[in-house]
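# A structural walkthrough
Chain residues, written in single-letter form:
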Amino acid sequence: VVYEQEGVFIHSSCGKNDDQDNITSGILRVIEKENEVIVDWRPLDDTLDASNILCAGKDSSSVVEWTQTPKEKCSQGADRPSSYEAEWDMVTTVSFKKKAHSNGDATTHANGESKWSFLFSLADLKSITQSKEGMGWSYLVFCLKDDVKLPALHFHHGDSKLLIKCLEKHVVLNESPQDKRILLVNSQNKSLSQSFENLFDDSSYSLLQKLKKDPYTVTMGRFSKVTNYIFDSFRLSDPSSQRRPPSEMADFLNDAIPGLKINQQEEPGFEVITRIDLGKQPEVTRREPVSAEEWAKNMDSEGRILNVDFIKQLIFKGGLCHTLRKEAWKFLLGYFPWNSTKEERANLQKKKTDEYFRMKLQWKSVSEEQEKRNSRLRDYRSLIEKDVNRTDRTNKFYEGEDNPGLILLHDILMTYCMYDFDLGYVQGMSDLLSPVLYVMENEVDAFWCFVSYMEQMHQNFEEQMQGMKTQLIQLSTLLRLLDSGFCSYLESQDSGYLYFCFRWLLIRFKREFSFQDILRLWEVMWTELPCQNFHLLLCCAILESEKQQIMDKHYGFNEILKHINELSMKIDVEYILCKAEAISMQMMNCKELPQAVSEILGIESSSVTPDSDTGEDESGALSCPTSLYQSISTPVIAANGTRDSTQHMSGTQSLTPA
């Protein structure tokens, strides 16, 4: 609570005598929440029933009264909470009734007392009308967006100027040119994830500011279009002037994520990673997808998975056949515990089904009038509808405008906003949900799998972008160890910040691979093998594959962004998985692996075993760090698709268990 004032009254007509006011004493508070500021007025009488809160309707001559049905009155206690959060709790237990009143009227209870109460988000405030000086008690009238006017608040005990000063810390208030008593709210804060297309409707300066504030939205679009537009905006007004150097553009993009410094080699406290011989990358092959027969063989009579590590290793090396995904993904994402029985899973699904539909009912029960007063819910719905309409329609599951798949996509994302209202919806989340819903073919299972996936991805979508900062710095560290020469080239072209990888990391390559390929890629990553942050090694694999073309053709800043963006849907998923695995083995077998890299990959800082200075066991085979998977003798498929039944999972080397 950042402001609190007692003795703030509402003067309302009693109805019988228009010349006489009914005066209701109350307390006014300004409440700072995580992502919004609430203005809350309620009577001092603590017996106010939350079910009778009055909210201004579409016009000031009517209100919407929350009334309980007779059955609900019997079953509910009289001590329901009247807090801001309770609004969602009441949604399934109240009915809505439009009730006409004259302006400033109030509900009269059996005891003759008048009960007013209201609250609103500061984001919904349009203007404040002040009283004339020297005209008795000072008062304020709040006018919300859609021209909804709340009853005047009369300050009997103190001045209203303190409230104005408090509000000015959160919004900009300007005097109206027509009437100095009216303060207009200048809302400068835009939605975190506004549509990418809207960026190009503004001036160059405005675009740059938005890019700094919202790199999410910018990177979801085409990089080449963005960078060309930004370069144009840096041109001086004189037509004969040359463009500003790309270094200025790089500095600007570097500032887009505050605190992100990729080139840290000369900074104190950072480990210098230079010229470490990683040796040759081993040859790696992949196997066929796990079949239904293999899955069933690894399950006991009660439905428990017998050897979790073995199954994960099979999935990492070959993925899953499509018929298995609906069941196996629930384990991989953590929706089903690996050691659960079939009966336990059935009970869990029943419980989760009830929980899901209770949350869904919350937002389904919100009336249009309520949503108009809840700016965050309104913004979430608008963003979700835009993103759902942009869903990849190449998959038949999402074909057509009124396709059931699109409707379910919308409903699940809206329900997720109820599940995590603080995070809500951010552009890109629909990309993570659409493959999960396609595989599950079930609204409830898809929702809870998505919730589990978002627990992994949550930091990517937070406003401070700490997760994205960390991943870009870690990626730079890995790439420098893998190829310091390529890193130096990127830095010479002002691309060392690796900003072009932002989209890859944000939505886990969803827009870089075909729909079917992303199913394979994600299930492999969800095994969490062969090390932590395997997705960063996938980035390294893609960049290393493109290194020769970028360097041979002397690509500059703009060309690098354009080239990386145009890789979308052209990357061979099996080849990249093989290459990323080879890089992981290359780093794990390094005898002098830097501490920073070891921490990123979650392995011991040295591959040398206690029994040997050379990293070899008595038989001469290389011993493996603790995070690497065991070898399995199974038929494999090489990156080129040829079958080879003689090799082990690890390719040309035999790996021993940790």
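Fair warning: this is a prediction, and the values are worked out from it, not measured in the lab.

Cut-off values and rules
- Residues numbered from 1 in each chain as written.
- Predicted model: local features only at pLDDT ≥ 70, side-chain atom pairs only at ≥ 80, totals over all residues.
- Heavy atoms only, no water.
- Helix = DSSP H or I, 4+ residues; strand = E, 2+ residues; numbered from the N terminus.
- Buried < 20%, exposed > 50% of the residue type's maximum accessible area, 1.4 Å probe, protein only.
- Areas by Shrake-Rupley, 256 points an atom, 1.4 Å probe, with all protein chains shown as cover.
- Salt bridge = Lys/Arg side-chain N within 4 Å of Asp/Glu carboxyl O.
- Expected span 1.5 Å × (residues − 1).
- Polar contact = N/O pair within 3.5 Å; in protein donor to acceptor, adjacent residues only side chain to side chain.
- Contact = heavy atoms within 4.5 Å.
- Core = buried A, V, L, I, M, F, W, Y, C linked by side-chain atoms within 4.5 Å.
- pLDDT = per-residue confidence, 0-100.

### What to know about the overall build of the protein chain
In terms of helices and strands, the protein chain carries 24 helices and 18 strands. Out of the 658 residues belonging to the protein chain, those deemed buried represent 53%. Here the protein chain displays about 30,900 Å² of accessible surface, and carbon together with sulfur accounts for 47% of that area.

### Remarks on the pattern of salt bridges
For the structure on display, the rule yields 28 salt bridges. Bridged by salt links that share partners, the residues Arg286, Arg325, Arg520, Glu523 and Glu574 form one connected network.

### Some remarks on helix α14 (residues 404-419)
Helix length check: α14, at 16 residues, gives a terminal C-alpha distance of 22 Å against a target of 22 Å (1.5 Å per residue), a fit within 8%. Counting buried positions over the 16 residues of α14 gives twelve, a clear majority of the element. Taken residue by residue, α14 has Gly405, Leu406, Leu409, His410, Asp411, Ile412, Leu413, Met414, Thr415, Tyr416, Cys417 and Met418 as its buried positions.

### Focus on the side chain of Thr415
For Thr415, the position within the fold is in helix α14. Overall, Thr415 belongs to the buried group, its relative accessible area being 0%. There is a polar contact of 3.0 Å between the side chain of Thr415 and the side chain of Trp363. Sequence-distant contacts of Thr415, defined by excluding residues within four places in its chain, comprise Tyr356, Met359, Lys360, Trp363 and Phe447.

### Notes on the nonpolar core
Membership of the largest hydrophobic core comes to 123 residues, with the highest contact counts inside it found for Met429, Phe461, Phe509 and Met587. Among the nonpolar cores identified, the runner-up in size contains 28 residues, and Leu28, Leu163, Cys166 and Val185 belong to it.

### Regarding unusual backbone geometry
Here the amide bond leading from Leu529 into Pro530 is cis, since omega sits at -5°, within 30 degrees of zero. Residue position: Pro530 is located in the loop between α20 (515-526) and α21 (534-552). Even without glycine at this site, Asp494 takes up a positive phi of about 55°. Structurally, the position occupied by Asp494 is in the loop between α18 (484-492) and α19 (502-506).

### Thoughts on the environment of His154
One can find His154 in strand β13 (residues 153-155). In this structure His154 comes out as buried when scored by relative accessible area, which is 14%. Once the C-alpha coordinates of His154 and Ile10 are considered, the two residues, 144 residues apart in sequence, prove to be 6.3 Å apart. For His154, the residues in contact, after removing those within four places along its chain, are Gly7, Val8, Phe9, His11, Ser138 and Tyr139.

### Here's the deal with the side chain of Asp40
Relative to the helices and strands, Asp40 resides in strand β3 (residues 37-43). Polar side-chain contacts of Asp40 include one of 3.1 Å to the side chain of Arg42. In contact with Asp40, other than residues within four places in its own chain, are Ile27, Leu28, Arg29, Ile31, Phe118 and Leu119.

### Some remarks on the confidence of the model for the protein chain
Confidence along the protein chain averages 74 in pLDDT terms, with 64% of residues attaining 70 or more. Note that pLDDT drops below 50 for residues 46-114; the model gives that stretch 128 contacts with residues more than four away or on any other chain. Predicted confidence is poor over residues 188-209, with pLDDT under 50, and the contacts of this stretch with residues over four places away or in other chains come to 45 contacts.

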